[in-house]
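# Per-entry structural report
Next come the chains, spelled out residue by residue.
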Amino acid sequence: MAVLVQIFRGCAWKVGKLPLETPACSIGALYIHTKPITPDVYGNTKARRARELRPRRNYLLNEDVEKQRRSLLQRNPEVESSVADVEASSDLLQNLREKMPEFMPRPDILSRDRILEKLERQDMYRRREVINIPEFFVGSIMAVTVADKSAPGKQRRFVGICIYREGQGLSANFILRNVIDGQGVEIRFELYNPTLLKIETLKLEKRLDDQLMYLRDAPQEYSTVPFDFEPVPLPKGAAVPLNPLKVKLNRRPWHERWERMNLKGVEDLGLPERFYKRAQELAKPWERFDLMKQYRSTIDDDEAQTVMKEVYAKTKNIQSLRRQQRTQKQKEK
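Let us look at the structure shown here.

### Brief notes about the packing of helix α6 (residues 114-130) against helix α9 (residues 301-332)
Contact pair α6 / α9: the axes reach a minimum separation of 10 Å and the direction vectors enclose 25 degrees. Between α6 and α9, the interaxial angle falls into the category roughly parallel. Like other packed secondary-structure pairs, α6 and α9 cross with a definite hand, here right-handed. Contacts from Arg114, Lys118, Arg121, Gln122, Tyr125, Arg128 and Glu129 in α6 reach Glu303, Val307, Glu310, Val311, Lys314, Ile318 and Arg322 in α9.

### So, the layout of surface pockets
A volume near 1,400 Å³ is recorded for the largest pocket. If you go around the largest pocket, you meet 42 residues; those closest to its centre are Lys99, Ile133, Pro134, Glu135 and Gln319. Elements that contribute at least two residues to the lining of the largest pocket include exactly α5 (90-99), β8 (196-203) and α9. No other element matches α9, which puts 8 residues into the lining of the largest pocket. Taken together, the residues that form the lining of the largest pocket break down as 21 nonpolar, 6 polar and 15 charged. Size it by volume and the second largest pocket reaches roughly 500 Å³. Forming the boundary of the second largest pocket are 17 residues, of which Glu98, Pro101, Phe137, Val138 and Asp210 lie nearest the centre.

### Topic: the pairing of strand β7 (residues 183-190)
For strand β6 (residues 173-180) and β7, the ladder comprises 8 bridges, and the chain directions are antiparallel. The partner of Ile175 across the bridge, within β7, is Arg188. The turn joining β6 and β7, which pair antiparallel and follow one another in sequence, is formed by 2 residues; a positive phi near 55 degrees is taken by Asp181.

### Regarding the packing of aromatic side chains
Within the structure shown, the criterion is met by 5 aromatic pairs. Measuring from centroid to centroid gives 6.0 Å for Phe158 and Phe227, while their planes differ by 85 degrees, and the two rings are edge-to-face. Taken as a pair, Phe158 in strand β5 (residues 155-166) and Phe227 in the loop between β8 and α7 (273-282) lie far apart in primary sequence, 69 residues in all. Aromatic rings pair up to connect Phe136, Phe174 and Phe189 into one cluster. It is Arg165 that lies over the ring of Phe136; its NZ or CZ is 4.0 Å from the centre.

### Some remarks on α9
Taking 1.5 Å as the rise per residue, α9 with 32 residues should run 46 Å; its terminal C-alpha atoms sit 46 Å apart, in good agreement. Residues of α9 that are buried: Ala304, Val307, Met308, Glu310, Val311, Ala313, Thr315 and Ile318.

### A few points about the packing of α5 against α9
In contact at an axis separation of 10 Å, α5 and α9 are set at 80 degrees when each is read in the N-to-C sense. The angle between the axes of α5 and α9 places the two elements in the roughly perpendicular class. Of the residues in α9, those in contact with Leu92, Leu93, Leu96 and Arg97 of α5 are Asp301, Ala304, Gln305, Met308, Lys309, Val311 and Tyr312. Across the contact of α5 with α9, the residue classes tally to 7 nonpolar, 1 polar and 3 charged.

Reading guide: rules and limits
For every chain, the first residue of the written sequence is number 1, and numbering continues from 1 onward in sequence order. At least 70 in pLDDT is required for a residue's local features to be given in this predicted model, at least 80 for side-chain atom pairs to be given and counted, and no such filter applies to totals for whole chains, interfaces and linings, which use all residues. Note that the side-chain values use all heavy atoms of the structure and ignore hydrogens as well as water. For helices, the axis comes from a line fit to the C-alpha atoms of the stretch in contact; other axes are also lines fit to C-alpha atoms, and the angle between any two N-to-C directions lies between 0 and 180 degrees. We count a stretch as a helix when DSSP gives it H or I for four or more residues in a row; a strand needs E for two or more, and each element gets its number in order from the N terminus. Any angle that is under 35 degrees is reported as roughly parallel, and any over 145 degrees as roughly antiparallel; angles of 65 to 115 degrees are reported as roughly perpendicular and all others as oblique. By convention, the crossing between two helices is left-handed when the near helix turns anticlockwise from the far helix through less than a right angle, and right-handed when the turn is clockwise. Throughout, a contact is declared for two residues whenever any of their heavy atoms are within 4.5 Å. For cavity detection a 1 Å grid was placed over the protein atoms alone, and a set of points counts as a cavity when a 1.4 Å probe fits there but cannot get out; an open set counts as a pocket when protein lies on both sides within 12 Å along at least five of seven lines, with lining residues being those that have an atom within 4 Å of a point. Grid points are joined across faces, edges and corners, and a volume is the space filled by probe spheres set on the points. Under the scheme applied, nonpolar residues are Ala, Val, Leu, Ile, Met, Phe, Trp, Tyr, Cys and Pro; charged residues are Asp, Glu, Lys and Arg; polar residues are all the others, including Gly. For two strands to count as paired, DSSP must find a minimum of two bridges between them. Between rings of Phe, Tyr and Trp, where Trp is taken as its six-membered ring, a pair exists when centres lie within 6.5 Å; planes separated by under 30 degrees are stacked, by over 60 edge-to-face, and by other angles tilted. Both a distance and an angle decide whether a charge sits over a ring: NZ of Lys or CZ of Arg must be within 6 Å of the ring centre and within 35 degrees of the ring normal. What a helix is expected to span follows from its residue count: subtract one and scale by 1.5 Å. Whether a residue is buried, partly exposed or exposed follows from its accessible area with a 1.4 Å probe, protein chains only, as a fraction of its type maximum: under 20%, in between, or over 50%, in that order.

Right, here's the structure in full:
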């Protein structure tokens with residue numbers, strides 16, 4: 001039974017039925033009990049009852065609030081006019097989508113908020129006006145300079161190979177790995193963190209896999225990058241080279257079950273046949289034919305093209321602004 005008891009100035013009022021065995025309440029307290037709690041079992045059910053008495057959040061369906069989300073802030077006429085004037089081919093937009101995947105909306109419809117996504121993109125544009133974020137992929141050799149008040153010169157520089165990249169919006173991040181004094185070191189950097197002073201792509205290339213987390217279980221020479229690594233220039237307009245290197249992993253134990261993953265950049269693991277049979281039993285080849293899963297994990301092409309047109313227009317404005325700043329500095333000199 002639902003019971004509402006309020007004690008105020010030593011007087012008690014009750015709404016509904018109040019069980020006699022309900023424990024006493026302190027002055028000014030407000031309690032809700034769904035069933036009576038006897039003293040002999042109160043200690044055993046204290047944690048469970050606390051969870052039941054905890055206030056629950058109210059959830060609304062996404063369809064019910066979708067119309068309210070589309071406010072005047074989302075219909076920015078300046079952005080719409082700039083996007084409408086953009087003339088870019090589909091190949092150029094697809095290439096831009098691969099270079100800047102953090103601008104793509106979140107595929108999960110339950111966690112989407114179009115106003116929040118638009119505000120995050122505006123902050124990302126402002127951040128790109130301050131710092132140059134170069135093009136990079138998993139497998140590229142990079143150098144990141146971070147502000148650190150405890151380091152000499154108030155900044156430190158880390159060089160490593162990019163083994164992972166994920167996230168959308170301001171939560172986009174990447175991991176750099178290097179071997180220092182015989183110890184593997186990995187640092188996760190937030191792409192739009194204001195403490196980042198400089199991001200450099202020393203060697204732009206791709207690898208056969210989307211992530212290189214298996215380098216943790218590989219010999220150290222695959223992850224070792226000297227800190228005085230000289231930048232390798234790439235001719236303008238040239239395609240990003242693909243490194244076909246295949247890594248030879250160490251013996252087990254590993255951090256993950258790599259034999260159960262479809263890895264292309266790893267040599268033969270040399271495991272007994274029972275490991276591969278178990279991997280085949282746990283495989284889910286039918287998922288690539290699951291249309292509903294693809295629908296829930298991807299963004300509509302029309303919406304993605306609209307976002308990429310906006311990104312293309314903004315990046316062109318940022319580039320022109322930087323050219324104007326460079327010419328102004330040259331004139332001042």
